[in-house]
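Each chain is listed here by its residues.
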Amino acid sequence: MDFESFLRKLPKVDLHCHLAGTLRPTTMAELAAKHGVTLPRPPAQLYEFADFYDFIDILRRGAQVVVDQGDFARVTYEALEDGAEAGNLKHAELFFNPQYFYPNGTTYRTMLDGMIEGLAAATRDFAVSGLLIACVDRQIDPGAAMAILDDVLADRRDLVVGIGLDGPERAGPPAGFGALYRRAGQAGLLRTAHVCEDNQSLAEAPPSHYEDCLDILGCDRLDHGYNLLADPRVVARARAEGRFFTTCTVTSVSKNLERRAKSIARMVELGLNVTVNTDDPQMFHTDIADCYVRLFRATGWGVEQAVMLSLNGVAASWLPDAAKRTLARQFETEIAALQAALA
């Protein structure tokens with residue numbers, strides 16, 4: 001077995017994956033036809049983005065075609081199917097933004113019923129487990145954000161384990177969501193937030209946002225984090241506190257791909273806890289195996305780092321402790337067999 005095959009067969013976890021970014025272009029076209037939605041451009045060009053903000057626009061528009069329970073079940077199932085078949089995905093934690101789907105007339109219960117149906121079918125067919133994270137796009141009125149949390153808390157499901165915050169940081173710095181996050185934490189939800197993303201400038205997504213995510217939002221882990229490298233003091237704090245960062249190898253802004261890989265490598269070098277994830281796999285023309293392969297090509301890393309990142313995914317997951325221990329043992333067994341084949 002060559003090393004690239006080893007990377008592709010390595011058992012993996014994806015903790016930073018947006019459901020709206022997992023739609024296959026063919027699926028989006030079929031659902032658009034089903035619901036009479038006109039796509040902004042042909043499916044073949046749909047995921048070619050002019051810039052970060054064009055990507056955000058298409059991400060939201062794509063949500064217009066996911067309407068009923070069957071739609072949610074289908075896209076959730078296909079997201080896990082793609083990960084399992086492409087890169088031996090064993091567990092995923094999917095972000096979903098209720099605010100994207102409410103304008104379709106879709107209720108929160110309909111979303112949940114569909115996603116949970118899709119997760120159950122994928123677990124049955126591919127032995128992939130899944131959890132859900134209700135996410136708020138920063139470009140929202142604070143009252144509307146609290147209304148989303150109302151829905152989450154009114155219809156508690158075991159598979160909805162936390163809340164997240166995404167979208168451009170310039171539109172809604174983390175400090176503005178303190179009340180939302182305090183209430184979520186008091187209700188027992190885990191908390192994460194997109195922060196210090198490098199597709200935005202240091203002025204828009206500064207290292208201080210990391211501290212706000214901890215001190216104001218009480219985040220249990222963080223998504224992205226690259227811009228914090230600009231401040232050694234914040235890096236030192238992140239290393240000491242040991243929270244995991246769900247980094248993503250591939251970005252919507254192609255000119256940032258090289259810098260992204262270098263940032264992830266630097267985070268690992270500085271002792272930060274990092275996992276490798278897809279973000280928006282179909283929209284970024286990637287998958288979980290491709291994310292590993294691209295990163296390792298760029299960094300020159302070897303087996304030691306591959307094993308570390310694979311097991312980091314389990315450690316950073318929000319699975320119950322017993323399930324996490326079971327998954328870790330499964331990973332260790334598979335990794336040992338792969339290492340023997342590689343040797």
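Structure first, text after, so check above.
What you are looking at is a predicted structure, and each value in this text was computed from that prediction instead of being measured.

J.: So what's going on with the sheet that holds strand β4 (residues 160-166)? Residues and values would help.
T.: Spatially, the five strands line up as an open sheet ordered β1-β2-β3-β4-β5, and their pairing is parallel. Of all the strands in the sheet, just β1 (12-18) and β5 (190-191) have a single pairing partner and so form its edges. As judged from the six bridges shared by strand β2 (residues 89-96) and strand β3 (residues 129-137), these two strands associate in the parallel manner. Note that in β3 the partner of Ala92 across the bridge is Gly130. The sheet strands contacting helix α4 (residues 69-87) are β1, β2 and β3, and the helix crosses β2 at an angle near 145°.

J.: How would you explain the sheet that holds strand β6 (residues 194-195) if you had to name every residue and give the values?
T.: Backbone-to-backbone hydrogen bonds join strands into a sheet, with any given pair of strands oriented parallel or antiparallel. In spatial order, the strands read β6-β7-β8-β9; together these four strands make up an open sheet with parallel pairing. The sheet is open, and its two edges are formed by β6 and β9 (273-277), each paired on a single side. With two bridges joining them, strand β7 (residues 222-224) and strand β8 (residues 244-248) adopt parallel strand pairing. Opposite Asp223, over in β8, you have Thr246 as the bridge partner. Along the sheet face, helix α13 (residues 303-316) touches β8 and β9 and points at about 100° away from the line of β9.

J.: I'd like a rundown of the environment of Leu15, residues and numbers included.
T.: Topologically, Leu15 is positioned in strand β1. The class for Leu15 is buried, based on a relative accessible area of 0%. A C-alpha to C-alpha distance of 23 Å links Leu15 and Ala336, two positions 321 residues apart in sequence. Filtering out sequence-adjacent residues up to four positions away, Leu15 remains in contact with His91, Glu93, Phe95, Arg221, Thr246, Thr275, Asn277, Gly313, Ala316 and Ser317.

J.: Quick rundown of the pattern of salt bridges? Include the residues and the values.
T.: Using the criterion set out here, one finds 26 salt bridges in the structure. For Asp215, the salt bridge is made with Arg237, and the minimal N-O distance between the two is 2.5 Å. With Asp215 in helix α9 (residues 208-215) and Arg237 in helix α10 (residues 232-241), this residue pair connects regions lying 22 residues apart in the sequence. In this structure Asp215 comes out as exposed when scored by relative accessible area, which is 52%. Its salt-bridge partner being Glu269, residue Arg266 comes within 2.6 Å of it at the nearest N-O pair. A residue pair is termed a helical-turn pair when its members lie 3 or 4 positions apart in one helix, as Arg266 and Glu269 do in helix α11 (residues 257-269) at three residues. We classify Arg266 as partly exposed; its relative accessible area is 37%. Glu269 sits in the exposed class, given a relative accessible area of 59%.

Analysis parameters
- Within every chain, residues take consecutive numbers counted from 1 along the sequence as written.
- With pLDDT at 70 or above as the cut-off, local features in this predicted model cover only qualifying residues; side-chain atom pairs require 80 or more to be listed or tallied, and sums for whole chains, interfaces and linings still use all residues.
- For the side-chain quantities, the full set of heavy atoms in the structure was used; hydrogens and water were omitted.
- Paired strands, as defined in this entry, are two strands with at least two bridges between them according to DSSP.
- The numbering of helices and of strands both runs from the N terminus, where a helix is a DSSP run of H or I of at least 4 residues and a strand a run of E of at least 2.
- In this analysis, two residues are considered to be in contact whenever any of their non-hydrogen atoms come within 4.5 Å of each other.
- Note on method: axes are straight lines fitted to C-alpha atoms, helices fitted across the in-contact stretch only, with angles between N-to-C directions ranging 0 to 180 degrees.
- The buried label goes to any residue with under 20% of its type's maximum accessible area, the exposed label to any with over 50%, and the partly exposed label to all in between, with areas taken from a 1.4 Å probe on protein chains only.
- Here, a salt bridge means any side-chain nitrogen of Lys or Arg that lies within 4 Å of a carboxyl oxygen of Asp or Glu.

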